[in-house]
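Summary of the model geometry
Chain by chain, the residues:
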Amino acid sequence: MTFFEELSRACGPGALLQDPALIAPYVTDWRGTFTGRALAVVRPASVNEVAEIVRVCAQNRVAVVPQGGNTGLAVGATPLDAGDAVVLSLVRLNRIRDLDADGFTISVDAGCVLADVRERASQAGRLFPLSLAAEGSAQIGGLISTNAGGTSVVRYGTMRAQVLGLEVVLADGTRLDGMRALRKDNAGYDWKQLFIGAEGTLGIVTGAVLKLVPKPRFVATALLGIDRLQDAVRAFGVLQHMLGETLSAFEFFPQRAVALRLAHEPALAPPMGERAWYLLVEASSALALDDAFETALAETLDGGCAADAVVATDSNRRHELWMWRESITEHERRAGPSAKHDVSVAISQVPAFVIEATAAVEARFSGARVLAFGHIGDGNVHFNVLLPADGSIPREDVTAVVHAMVRQYGGSITAEHGIGRYRREDLLAQRSPGEMALMRAVKRALDPSGVMNPGAVFS
Ligand code: 2HG
Ligand code: ZN
């Protein structure tokens, strides 16, 4: 049998795509910046099929690039140019296996879309707290493989904190079943942690048991306008003090993001009177919040750490306020090329970092425009730089300046998007030789022939 005959037998003939027109959407990243090539795309519908495909690929020394919703921003799911890999899409592995409302867990296939998991939890009076702009397409397997963050990390942690059990297919096709719904389990190494954030380079996540929390009965959302970014850190302190663990989102974006959206949607009214920066604040609780929330907002206004505030009075208004934050990536894409950064520094250092890095980039590269926004409550800034369409400013030059500044601040070059193929060269400056050697040893132990997602994470 030829390789393709074996592959077709492993997943069923309808699940093997070889027509270049059908393959095209799977070999370009979401932003449309990188296009690779693939031998084929396979779309298995069961874990056994995934295991069989990987076994066939491993035996033939063919690389496998796992792909979820293809919403990643680090090019971790796009094959290289060599065209010698198979893209394994998890899109058909999308069954919610079980929801245990009393145990506060949900067991899902890796290809389940985040919004569907959140919706299913909500129907059961539960919340799956991970939330991000791409949740209508992003899949659980990809979110686990990138240890995704989003807008609720400040309260609930990243994806890693939500995973209780994991099922993976190893590089030789072995299926490892760790679909355990246990809160405590110290039996040996907690091996699932290796695969969370490994970007598909150690194996393929095929299923997970995720933690749920009670669905909050009250949600309060507000937009604060501030004149200086330093005020954001002060406002964060005040709101944490006043709202405690009910504070579930603390995001920031600049007037430039508002202007960008208004340029694309001129009929829209701005969210409030113009300010240099905006903070999107949300609290949620089983207990009524109105008084506590209003008192906390009043405290930020009275204390001079916010200049203006609007409170969402209903869910439509809440959605409208969130759209000012969540649509930024989409408008940035429409605006043209950009150098994307996903950095983290200490929360207290975010204002100084943003101000210093903006001055450095805009002084050095005339025509470059910084668009810095993100999860200030996590110290995570999407320090993106809009570049001229003519390609006159090389993205790598801008990134070198930004990442050098990140190093000065003792920060990280990726807080939530991951390394992928986008910043694999930069990883070497971020991690010590000892740390790189440890990571390579893990990679070699789990994927000795290097067939799992080659080109991602390691250069
Ligand atoms: C967000 O926080 C996403 O909205 C995307 O992580 C950030 O576009 C980006 O750089
Ligand atoms: Zn983000």
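Residues numbered from 1 in each chain as written. Chains lettered and ligands numbered in written order. Predicted model: local features only at pLDDT ≥ 70, side-chain atom pairs only at ≥ 80, totals over all residues. Heavy atoms only, no water.

1. With respect to the overall build of the protein chain
Our working definition: Here a strand is any run of E in DSSP of at least two residues, a helix any run of H or I of at least four, and the numbering for each starts at the N terminus. Contact definition: two residues touch when any of their heavy atoms are within 4.5 Å. Note on areas: these come from Shrake-Rupley sampling with a 1.4 Å probe, and a residue is covered only by the protein chains present in the view.
Across its full length, the protein chain carries 16 helices and 19 strands. Dimensions along the principal axes, computed over C-alpha positions, put the protein chain at roughly 75 × 55 × 45 Å. Long-range contacts, defined here as pairs at least 24 residues apart, represent 74% of the contacts in the protein chain between residues at least 6 apart. Put simply, the protein chain shows about 19100 Å² of open surface, and 51% of that area lies on carbon and sulfur atoms.

2. A closer look at the packing of helix α9 (residues 255–264) against helix α12 (residues 328–335)
To keep things clear, this is the line we draw: A fitted line through C-alpha atoms represents every axis, and for helices the fit uses only the stretch in contact; the resulting angles, taken between N-to-C directions, go from 0 to 180 degrees. Note on terminology: angles under 35 degrees are roughly parallel, angles over 145 are roughly antiparallel, angles of 65 to 115 are roughly perpendicular, and the others are oblique. Crossing handedness: left-handed means the near helix sits turned counterclockwise from the far one by under a right angle, and right-handed means the same turn made clockwise. Asp, Glu, Lys and Arg are counted as charged, while Ala, Val, Leu, Ile, Met, Phe, Trp, Tyr, Cys and Pro are counted as nonpolar; the rest, among them Gly, fall into the polar class.
Close contact between α9 and α12 brings their axes to 10 Å; oriented N to C, the two are set at 65°. As the angle between them shows, α9 and α12 are arranged roughly perpendicular. Pair α9 / α12 crosses with left-handed handedness. Residues A257, L260, R261 and H264 of α9 pack against I328, H331, E332, R334 and A335 of α12. Of the residues belonging to the contact of α9 with α12, the class tally is four nonpolar, two polar and three charged.

3. A word on the side chain of Q255
Relative to the elements of secondary structure, Q255 occurs in helix α9. Other than its neighbours up to four places away in sequence, Q255 contacts E274, R275, A276 and Y278.

4. Examining the packing of aromatic side chains
The following threshold applies: Note on aromatic contacts: the rings of Phe and Tyr and the six-membered ring of Trp form a pair at centre separations within 6.5 Å, being stacked when their planes are under 30 degrees apart, edge-to-face when over 60 apart, and tilted otherwise. Over a ring means this: the NZ of a Lys or the CZ of an Arg is within 6 Å of the ring centre and within 35 degrees of the ring normal.
One pass over the structure, following the stated rule, counts eight aromatic pairs. Ring geometry for F353 and Y409: centres 5.5 Å apart, planes at 90°, overall edge-to-face. Taken together, the residues span a long stretch of sequence, with F353 in helix α13 (residues 350–364) and Y409 in the loop between α14 (395–408) and α15 (424–430) at a distance of 56 residues. The structure contains a cluster of three or more aromatic residues connected by ring pairs, namely F353, F383 and Y409. Over the ring of W324 we find R261, and its NZ or CZ is 4.5 Å from the ring centre. In this arrangement the basic side chain of R333 is found over the ring face of W30, its NZ or CZ atom lying 3.9 Å from the centre.

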